[in-house]
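# Structural features, examined
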Amino acid sequence: MAALFFASGYLLSKANTIYTLEDAIKFAEKRVLRILPLFVVSLLTIPYPEPFWRKSIMLLGVNNFLGFTLSTLWFVSVLIVFYMLFPFLQIVRRTNLVACVLLGLMIYVLFVVGVKYLGFEARLLYYFPFFCLGIIAAEIRATEGQMVLVALPIVILYFVARVLGWFDGVEVVLRPLRFFVVVVVAYGLSLVVPLRRFWGALAYSSFCAYLFHRQIYDLFLHRWFHFSDGSERILLIYCLVPLTFALGYAVQFGYDAILKYTRKKVG
């Protein structure tokens, strides 16, 4: 998950230039259209017993400050909070990189206080540094190869520590290092030229696959079929995961087509 937050910060910073409040408003409009309609559908259809009014507070990430989240959709609600902070980080960054880092540190301290004393969602604290790291990587124009050169020694250290048992009993210390493993693996996979279109399609479908995977699993594993042995795991791995990404691609493609058609009509 850390790699996903890093990628979000990196890609947002590469794709968006925010200098003024007007730029920030345009950015917010794009994010709202991109995320919220699909998120609403997911909240309406996800098989959890909570009433919709309780689920709806996730739409603006407010739940992260009220001590409530859904186990499946927490990623989107945390990402919404980071998206709200992104324009401020960008505007300050255009003035001074040091000032941007200081602002990020101030926000992080607020999250520390909130988690410790006010019941904020702890994932805000854990993943915000990775989101900021993605922004910084984009701002200093780090190439993929340069990022891998930084990550590779850390990956080696991670596996040496695991093999030699340096942190046995306190493996939580090693968890953040898994992020660098994902960076190296993802870069390696991206070099496999025949598979590039496949990885691109996988990335394109991933948001909708994430939003609706719980609904698909519930239909197949609990409503339509019932299992009493290990066949449930086999069905999940070999059938439902590919199906989820295929449906995610179709939903995302259809939604983008609707947005494109609507913009053409309005514009």
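Here's what I pulled together on the structure shown here.

## Structural notes on the overall build of the protein chain
Across its full length, the protein chain carries 10 helices and 0 strands. Traced from its N-terminal end to its C-terminal end, the protein chain shows the element sequence α-α-α-α-α-α-α-α-α-α. Residues counted as buried form 38% of the 267 residues belonging to the protein chain. Put simply, 66% of the contacts in the protein chain that link residues at least 6 apart link residues at least 24 apart.

## Description of the packing of helix α4 (residues 74–95) against helix α6 (residues 122–139)
Their axes nearest at 10 Å, the elements α4 and α6 cross at an angle of 45°. The pairing of α4 with α6 is recorded here as oblique in orientation. Relative to α6, the crossing made by α4 is right-handed. For the pair α4 and α6, the contacting residues are W74, V78, V81, F82, L85, F86, L89, Q90, R93 and R94 in the first and R123, L124, Y127, F128, F131, C132, I135 and E139 in the second. For the contact of α4 with α6, a count of residues per class yields 13 nonpolar, 1 polar and 4 charged.

## A look at α6
With 18 residues, α6 extends 27 Å between its outermost C-alpha atoms, agreeing within 8% with the 26 Å of an ideal straight helix rising 1.5 Å per residue. Along α6, the helix axis deviates most sharply at F128, where the bend reaches about 35°; the proline P129 sits within four residues downstream. Among the residues making up α6, those that are buried are L124, L125, Y127, F128, F130, F131, C132, G134, I135, A137, A138 and E139. Two or three places before R123, at the opening of α6, E121 has a side-chain oxygen 3.2 Å from that residue's backbone nitrogen.

## Re the packing of aromatic side chains
All chains considered together, the criterion is met by 18 aromatic pairs. Measuring from ring centre to ring centre gives 6.4 Å for F27 and Y83, while their planes differ by 80°; the resulting arrangement is edge-to-face. You can see F27 sitting in helix α2 (residues 21–45) and its partner Y83 sitting in helix α4, a full 56 residues away along the chain. The pair formed by F27 and Y83 is uniform in burial state, with each residue classed as buried. Over the aromatic face of Y83 sits the side chain of R31, whose NZ or CZ is 5.5 Å from the ring centroid.

## Concerning the side chain of H213
Within the fold, H213 resides in helix α9 (residues 196–224). With relative accessibility at 15%, the residue H213 sits in the buried group. Residues in contact with H213, not counting those within four places in the same chain, are T72 and T244.

## Quick look at the layout of surface pockets
A water-sized probe rolled over the atoms picks out the places where empty space is left. Within this model, the second largest pocket holds a volume of roughly 310 Å³. Contributing to the lining of the second largest pocket are 17 residues, with F27, A28, R31, Y83 and M84 lying nearest its centre. Secondary structure elements with two or more residues in the lining of the second largest pocket: α2 and α4. Among the elements that line the lining of the second largest pocket, the one with the most residues is α2, at 9 residues. Its residues placed into classes, the lining of the second largest pocket shows 16 nonpolar, no polar and 1 charged.

## So, the environment of R34
Within the secondary structure layout, R34 lies in helix α2. Taking the C-alpha atoms as reference points, R34 and Y255, separated by 221 residues in sequence, lie 9.0 Å from one another.

## Comments concerning the environment of A209
Tracing the sequence through the fold places A209 in helix α9. Residues A209 and L243, spaced 34 residues apart in sequence, show a C-alpha to C-alpha distance of 9.1 Å. Apart from the residues lying within four places of it in its own chain, the contact partners of A209 are T244, F245 and G248.

## Description of α2
The terminal C-alpha atoms of α2, which comprises 25 residues, lie 35 Å apart, in line with the 36 Å expected from a rise of 1.5 Å per residue. Along α2, the sharpest change in direction is near 35° and occurs at V32.

## Concerning the pattern of salt bridges
Tallied over the full model, the rule gives 3 salt bridges. Between K26 and E22 there is a salt bridge, with the nearest N and O atoms lying 3.8 Å from each other. Pair noted here: K26 and E22 are both in helix α2, with a separation of 4 residues, about one helical turn. The partly exposed category is assigned to K26, whose relative accessible area is 44%. Close ionic contact of R123 with E121 constitutes a salt bridge, the shortest N to O distance being 3.3 Å.

Cut-off values and rules
- Each chain has its residues counted from 1, running along the sequence as written.
- Residue-level local features of this predicted model are given only where pLDDT is at least 70; pairs of side-chain atoms are given and counted only at 80 or more, and the full residue set underlies all totals for whole chains, interfaces and linings.
- For side-chain calculations, the full set of non-hydrogen atoms in the structure is used, while hydrogens and water are omitted.
- The helix and strand labels rest on DSSP assignments: H or I over at least four residues marks a helix, E over at least two residues marks a strand, and numbering proceeds from the N terminus.
- Only protein chains enter the accessibility calculation, which uses a 1.4 Å probe; a residue is then buried when its area is under 20% of its type maximum, exposed when over 50%, and partly exposed in between.
- We call two residues in contact when some of their heavy atoms are within 4.5 Å.
- Angles shown run from 0 to 180 degrees and are taken between the N-to-C directions of axes, each axis being a line fitted to C-alpha atoms and, for helices, limited to the stretch in contact.
- An angle below 35 degrees is read as roughly parallel, one above 145 as roughly antiparallel, one from 65 to 115 as roughly perpendicular, and any other as oblique.
- Should the near helix be turned anticlockwise from the far one by less than a right angle, the crossing is termed left-handed; should it be turned clockwise, right-handed.
- In the scheme used here, Gly and all other residues not listed as nonpolar or charged are polar, with Ala, Val, Leu, Ile, Met, Phe, Trp, Tyr, Cys and Pro taken as nonpolar and Asp, Glu, Lys and Arg as charged.
- Each helix should span, by expectation, one fewer than its residue count multiplied by 1.5 Å.
- The bend reported for a residue corresponds to the angle between axes fitted to the seven residues ending at that residue and the seven starting there.
- Polar contacts here mean pairs of N or O atoms no more than 3.5 Å apart (in protein, one a potential hydrogen donor and the other a potential acceptor; neighbouring residues in sequence count only if both atoms are side-chain atoms).
- The aromatic pairing rule takes the rings of Phe, Tyr and Trp, using the six-membered ring of Trp, and pairs them if the centres are within 6.5 Å, calling planes under 30 degrees apart stacked, those over 60 edge-to-face and the rest tilted.
- Lysine NZ or arginine CZ positioned within 6 Å of the ring centre and within 35 degrees of the ring normal marks a charge as sitting over the ring.
- Method remark: on a 1 Å grid restricted to protein atoms, a set of points is classed as a cavity if a 1.4 Å probe fits but cannot get out and as a pocket if it is open with protein on both sides within 12 Å along at least five of seven lines; lining residues have an atom within 4 Å of a point.
- Grid points are joined across faces, edges and corners, and a volume is the space filled by probe spheres set on the points.
- Think of a salt bridge as a Lys or Arg side-chain nitrogen and an Asp or Glu carboxyl oxygen that are within 4 Å of each other.

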